[in-house]
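# Notes for the structure review
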Amino acid sequence: MSGVKRYLPVVVRVALGAVFVYAGVTKIADPVGFAGSIAAYQVLPYFPSYLVAAVLPWVELFSGLLILSGYRVKAGALVIGALNLIFIAALASAAVRGLDIDCGCFKEGGAKVSPLLALLRDLVFLAMTAVVLTTGEKAPPEPGGSAGHPCDCTETSGNQM
Amino acid sequence: MKATENTFKGSTKAAGEALIILLFSALVGISWNHTLLLKAWKGEATGPAAGTTPAVATAAAEDPMPLGLEQAKELFNAGDTLFIDARDRGAFASGHLKGAVSLPLADAKQRGKIALPPRVTPKTTVITYCNGFSCHDSMELGKILLKAGYTTVYVYEGGFPEWRDAGYPVEKGGA
């Protein structure tokens, strides 16, 4: 039980970081497609859609990398929390307007994720961000007193299909 | 007391660092995509005010440029644009953008020949669409049209569902 308490924050942090790195990388590879996804929300005009499509994936990538690596975790988590709030607002507005669109959150390989489902997913990410923010960047203390990183953090995949 | 002060200091520091992350990402993102942004910017400048085609789709483009709902509607209103429905004929018959012609992707692939009305020349602005963002047939068809020599090809990615939901003109029947 104490093991869960010790390692859960690390697992949550690494998983959240991986999800955002993955989300960023897939969108960096296809900015035009992502601009289309943003345009589908019918919130931003033409050029701002492209501007957001150009910048947002990099914000996701860098903040994801920070919390994944354990460096400047709080700052990275603040950015990710703010992003999640924006995503949730956009998805809620799409759901309220009954827009039949794909959320555009990840490159889902043809599978469509409805705004409502994506909203629920973002609420989970928001809760994970809260865990990361409250536990901070310190690794949990080892029973023996070592301050070493308790996880080699390799294969925690954030792939969402 | 001191602990509260430290927490406050820590939060301010993290907020400052968060701002740096945002600025740095913006710098990298804009530099990385500067060509695309420049194209999009030009498209905006020649868009609604001039009543002309956004300059983002060029003959040299490998992929057709996507259009949002409003841009598609502007070109629809301008009237000299042909909307091409990439869905199958059944879907087309049950509802399509007003004035659109049907050219199912499967047909365009099979025949290897683009069967479009005679008034359509390679210079005509054409916009392909299908069933929204979950559907990639319009992008595929757009690529085929570009290869076939059509110079101004856009993909309206919101497709029929978004157009219909926006209350814009649709019609049934025909093919």
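This section reports on the structure supplied with the text. This is a predicted model, so every value here is computed, not measured.

### Some details on the packing of aromatic side chains
All names here are of chain B. Here the structure, examined in full by the defined rule, presents 10 aromatic pairs over all chains. An angle of 55° between the planes, with centres 5.8 Å apart, marks the rings of Phe83 and Trp163 as tilted. Of this pair, Phe83 sits in strand S2 (residues 81-85) while Trp163 is found in helix H7 (residues 159-165), placing the two residues 80 residues apart along the sequence. Residue Phe83 is classed as buried on the basis of its relative accessible area, which comes to 2%. On the basis of an interplanar angle of 70° and a centroid distance of 6.0 Å, the ring pair of Tyr156 and Trp163 is categorised as edge-to-face. Each member of the pair, Tyr156 as well as Trp163, carries the same accessibility label: buried. Through a chain of ring-to-ring contacts, the aromatic side chains of Phe76, Phe83, Tyr156, Trp163 and Tyr168 assemble into a single cluster. Directly above the ring of Tyr168 sits Lys73, whose terminal nitrogen or CZ lies 4.6 Å from the centroid.

### Focus: a nonpolar patch on the surface
Taken together, the side chains of A:Leu117, A:Leu120 and A:Leu123 make up a nonpolar region of the molecular surface, amounting to roughly 290 Å² of accessible area. Here A:Leu117 shows up in helix H5 (residues 115-135).

Rules of the game
Residues numbered from 1 in each chain as written. Chains lettered and ligands numbered in written order. Predicted model: local features only at pLDDT ≥ 70, side-chain atom pairs only at ≥ 80, totals over all residues. Heavy atoms only, no water. Phe/Tyr/Trp six-rings, centres within 6.5 Å; stacked < 30°, edge-to-face > 60°. Helix = DSSP H or I, 4+ residues; strand = E, 2+ residues; numbered from the N terminus. Buried < 20%, exposed > 50% of the residue type's maximum accessible area, 1.4 Å probe, protein only. Lys NZ or Arg CZ within 6 Å of the ring centre and 35° of its normal. Patch = residues over 30% accessible without salt bridge, like charges linked within 9 Å, V, L, I, M, F, W, Y side chains within 5 Å. Areas by Shrake-Rupley, 256 points an atom, 1.4 Å probe, with all protein chains shown as cover. Salt bridge = Lys/Arg side-chain N within 4 Å of Asp/Glu carboxyl O.

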